Amino acid sequence: MIVELSYLIAASLFILGLRRLSSPATARSGNLLGAAGMLLAVLATLVHQDILSYSWILVGIFLGSAAGAVLARTVKMTAMPQMVGILNGFGGGASTLVAASEYLRTPTGRPVDVSVSIALSVLIGAVTFSGSMVAAGKLQELITGRAVTYPLQKTGNALLFLGILALGGYLLGSSFHPGWLMLLTVLCLLLGVLLVIPIGGADMPVVISLLNSYSGLAGATTGFALHNNALIISGALVGASGIILTRIMCKAMNRSLANVIFGAFGARPVAVAGATADGRVARDITVEDAAVLLGYARSVIVVPGYGMAVSQAQHNVRELADLLEARGVDVKYAIHPVAGRMPGHMNVLLAEANVPYPKLYEMERVNPEFERTDVALVIGANDVVNPAARSNPASPIYGMPILDVDRARSVVVMKRSMNPGFAGIDNELFYQDNTRMLFGDARDSLGKLAVALKAM
Amino acid sequence: MPEALLVSIYVFVLALFVGVEVITKVPQILHTPLMSGSNAISGITIVGALLIAGRVESPLSVVLGVFAVVQAMINVVGGFLVTDRMLQMFKKKQDGGPA
């Protein structure tokens, strides 16, 4: 009874904690509330009468906490997508193991609904585990970030999925077969790998969100198997959160979830029909000229993209913005929802560089500002500022909401080279009359810009 | 349908609605901490893992249980700590010092 009530309090704390995430000012306390809820749930479970021995539990708690703490302390902010992927994976893995143990514990007399919950838990948990690890590997570039495709890929995956369903059904109907359960787990792990492999690196924000949702659902199904409401409520919360983020990401790319998962976007560079670079030349600009342009502007909007994360340039961006603000320039930051490799990635990097959050503008809020802005400074962003998304129906990204950078009086694009972005699409922005290219590593160029500005 | 299952389904569906209500109010700027924080919450599976590791029914169940506890604890501790690390960086005004 006390244990059950503690679970209820824990679940309530989770909800209250998530509610405090509605503002950056209260968010940190919200996270603490969630952690307090978790602590309460763990303590309540430890006094459960079923627990006979604490020695192994303590070993597990110690190892897991130590590993988690080290990961959390040492991970770079730019590597946050991988980190979340790995954490997702472990959540799914834990659900699978708990469900499998529950199966082994009850060889006979297991009600049908518990059996179904166990099978679903194993399925979703294992797919989450292996899928998340592959996604993290792609993000860390241990595995190629390109979409990996081969003939009959979808057919093979569909057959595998049907096989898993059949085996799961057989397990439910038959008596006790631990060996088959193991086979089921292995097949589900394989399915997780095969489902994520054909998805390109630029689509990872969607994949990570979706796996986030799965890890919640895996927890909820485990809750059904154990008849534990704390797991069901928490799992439902996380499941809802992941689904909402997934939808936001898909909308921000103007693509359906099915297209992201099965579309193999970014498998090979796309040849775009219609107006592209034909005969047009992108004009470059020297660091000194760019410094003059920025230094004498009244307003500047910085548009960061994955390139900023790759070259770890967030601190240099802040430094440049400080210099500009000291000269009386108004500086804002425009954040596209899918800039980077996970939802909200850019905001975290800029916050790390000590940029005050009221200066971070969401797309809808900042787009009307561009036409009143002197300079838009694009740092390592490409597809999210490509005007073809508005104007060229033949473009693969047509219809995707973009930042209207091209409407600023002038645009400076910092980029390594003229290579197209992840989607492999040429960017019309680069050839506009009011656009100048500043080639080079973003961090390097920003440093030089700062020096030039100081000399002015 | 067994009554326990029915109650569980009630709880699940109602919690989904609560989740949607609460999560849609989280601004885009906090979406990364939302993911890592909600992730930590999904580590609630630790509850099930503890029971399995603590019941000591067979060597196999202990092994599975301990592995589950380790994974769930990484999820919980890593998730809450990294979320806290991110959230403490979000400041309204610049405080001068390097981050």
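Residues numbered from 1 in each chain as written. Chains lettered and ligands numbered in written order. Predicted model: local features only at pLDDT ≥ 70, side-chain atom pairs only at ≥ 80, totals over all residues. Heavy atoms only, no water.

Draft legend 1. Region of interest: the overall build of chain B. A tally of helices and strands in chain B yields four helices and zero strands. Scanning chain B from its N terminus toward the C terminus, one meets helices and strands in the order α-α-α-α. What you see for chain B is a C-alpha radius of gyration of 19 Å, clearly larger than the 13 Å of a compact globule of 99 residues, by over 25%. In terms of its C-alpha atoms, chain B occupies a principal-axis envelope of roughly 60 × 35 × 10 Å. A buried classification covers 64% of the 99 residues belonging to chain B. (Helix = DSSP H or I, 4+ residues; strand = E, 2+ residues; numbered from the N terminus. Rg over C-alpha atoms; globule rule 2.2 N^0.38 Å. Buried < 20%, exposed > 50% of the residue type's maximum accessible area, 1.4 Å probe, protein only.)

Draft legend 2. A look at the nonpolar core. Counting residues in hydrophobic clusters, the biggest one holds 130 residues, and the most contacted among them are Val300(A), Tyr333(A), Ile379(A), Leu449(A) and Ile46(B). Excluding residues within four positions of it along the chain, Leu449(A) makes contact with Val287(A), Ala290(A), Ala291(A), Leu294(A), Leu320(A), Met414(A) and Leu438(A). (Core = buried A, V, L, I, M, F, W, Y, C linked by side-chain atoms within 4.5 Å. Contact = heavy atoms within 4.5 Å.)

Draft legend 3. Seen up close, unusual backbone geometry. One non-glycine residue, Glu141(A), lies in positive phi territory at about 65°. Following the sequence through the fold, Glu141(A) ends up in the loop between α5 (112-139) and α6 (153-173). Of note, Val56(B) is a non-glycine position whose phi angle comes to about 50°, a positive value. With respect to the secondary-structure elements, Val56(B) resides in the loop between α3 (46-55) and α4 (59-87).

Draft legend 4. Representation of the sheet that holds strand β6 (residues 435-439) of chain A. Residue and element names in this part refer to chain A. Spatially, the six strands line up as an open sheet ordered β3-β2-β1-β4-β5-β6, and their pairing is parallel. The sheet is open, and its two edges are formed by β3 (360-362) and β6, each paired on a single side. With direction set aside, neighbouring strand axes in the sheet form an average angle of 25°. When strand β2 (residues 330-335) meets β3, the two strands line up parallel, connected through three bridges. Its bridge partner being in β3, Ile 335 is matched across the sheet by Glu 362. Against the sheet, helix α11 (residues 287-295) touches β1 (299-304), β4 (375-379), β5 (410-415) and β6, its axis set at about 130° to β4. Here helix α13 (residues 314-326) sits on the sheet in contact with β1, β2 and β4, set at roughly 150° to β2. (Pairing = 2+ DSSP bridges. Axes fitted to C-alpha atoms, helices over the stretch in contact; angles between N-to-C directions.)

Draft legend 5. Up close: the packing of α6(A) against helix α7 (residues 178-196) of chain A. Residue and element names in this part refer to chain A. Running from N to C, α6 and α7 point in directions that differ by 155°, and their axes come no closer than 10 Å. Viewed along their axes, α6 and α7 adopt a mutual orientation that is roughly antiparallel. Seen along the crossing, α6 lies across α7 with a hand that is left-handed. Contact residues: Asn 157, Leu 160, Phe 161, Ile 164, Leu 167, Gly 168, Tyr 170 and Leu 171 in α6; Trp 180, Leu 181, Leu 183, Leu 184, Leu 187, Cys 188, Leu 190, Leu 191, Leu 194 and Leu 195 in α7. When its residues are assigned to classes, the contact of α6 with α7 shows 16 nonpolar, two polar and no charged. (Parallel < 35°, antiparallel > 145°, perpendicular 65-115°, else oblique. Left-handed = near helix turned anticlockwise from the far one by under 90°. Nonpolar A, V, L, I, M, F, W, Y, C, P; charged D, E, K, R; others polar.)

Draft legend 6. View of α3(B). A large share of α3(B) lies buried, amounting to ten of its ten residues. At the exit of α3(B) stands Val56(B), carrying a positive phi of roughly 50°.

Draft legend 7. Main features of the interface of chain B and chain A. Every contact between the two is made by 84 residues of chain B and, on the other side, 107 residues of chain A. Overall, the association of chain B and chain A removes approximately 8400 Å² of surface from exposure, summing both partners, and the carbon and sulfur fraction of that is 74%. Its salt-bridge partner being Arg55(B), residue Asp50(A) comes within 3.1 Å of it at the nearest N-O pair. If you look at where chain B meets chain A, you find 18 residue pairs in polar contact (both at pLDDT 80 or more). (Buried area = accessible area lost by both parts, 1.4 Å probe. Salt bridge = Lys/Arg side-chain N within 4 Å of Asp/Glu carboxyl O. Polar contact = N/O pair within 3.5 Å; in protein donor to acceptor, adjacent residues only side chain to side chain.)

Draft legend 8. Spotlight on the packing of aromatic side chains. All names here are of chain A. For the structure shown, the criterion picks out four aromatic pairs over all chains. Ring geometry for Tyr 103 versus Phe 176: centroids 5.4 Å apart, planes at 25°, classification stacked. On the criterion of sequence distance, the pair formed by Tyr 103 in helix α4 (residues 80-105) and Phe 176 in the loop between α6 and α7 is long-range, its members being 73 residues apart. On the basis of an interplanar angle of 80° and a centroid distance of 6.0 Å, the ring pair of Tyr 170 and Trp 180 is categorised as edge-to-face. Remark: Trp 180 occurs in helix α7 and Tyr 170 occurs in helix α6; sequence separation between them is ten residues. Of the residues examined, Tyr 170 reaches a relative accessible area of 42% and is grouped as partly exposed. Taking NZ or CZ as reference, Arg 327 lies 5.1 Å from the ring centre of Tyr 296, over its face. Over the ring of Tyr 361 we find Lys 332; its NZ or CZ atom is 5.7 Å from the centre of that ring. (Phe/Tyr/Trp six-rings, centres within 6.5 Å; stacked < 30°, edge-to-face > 60°. Lys NZ or Arg CZ within 6 Å of the ring centre and 35° of its normal.)

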